[in-house]
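Chain and residue survey
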Amino acid sequence: MKASEIRNMSEQTIREKLVEDKATLARMKFGHSVAGTENTMSLRFKRRDIARMLTLLNENKNKK
């Protein structure tokens, strides 16, 4: 997900997506440690998406 897509979302939607992505990342990490994954880059992409959302939430908070 690109930062421009996240900027178009409402703050509540970003927070909901953030909770969902964190849960998904936890499941992915567990699955990777137990059985391994075919695409380990997906873990990195999910972490970066979470970081983008947190960054944009902080930007919005600092603007107020």
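Data block above holds the structure.
Below is a short write-up of the structure. Per chain, residue numbering runs from 1 following the sequence as it is written. Only residues with pLDDT of at least 70 get local features here, since the model is predicted, and only at 80 or more are side-chain atom pairs given and counted; chain-wide, interface and lining totals rely on the full set of residues. Working from all heavy atoms in the structure, the side-chain values ignore hydrogens and water.

1. Let's talk about the pattern of salt bridges
Each salt bridge in this description consists of a side-chain nitrogen of Lys or Arg and a carboxyl oxygen of Asp or Glu lying within 4 Å of one another. Under the definition given, this model contains 5 salt bridges. For K17, the salt bridge is made with D21, and the minimal N-O distance between the two is 3.4 Å. Linking K17 with D21, this pair stays in helix α2 (residues 11-35), spanning 4 residues, or about one helical turn. A salt bridge links D21 to K46; its shortest N-O distance comes to 3.6 Å. On the criterion of sequence distance, the pair formed by D21 in helix α2 and K46 in helix α3 (residues 41-63) is long-range, its members being 25 residues apart. Like D21, the residue K46 is buried in the burial classification. Only runs of H or I of at least four residues qualify as helices and only runs of E of at least two qualify as strands under DSSP, and these elements are numbered from the N terminus. The cut-offs for exposure are 20% and 50% of the maximum accessible area for each residue type, with area from a 1.4 Å probe on protein chains only; residues under the lower value are buried, those over the upper are exposed, and the others partly exposed.

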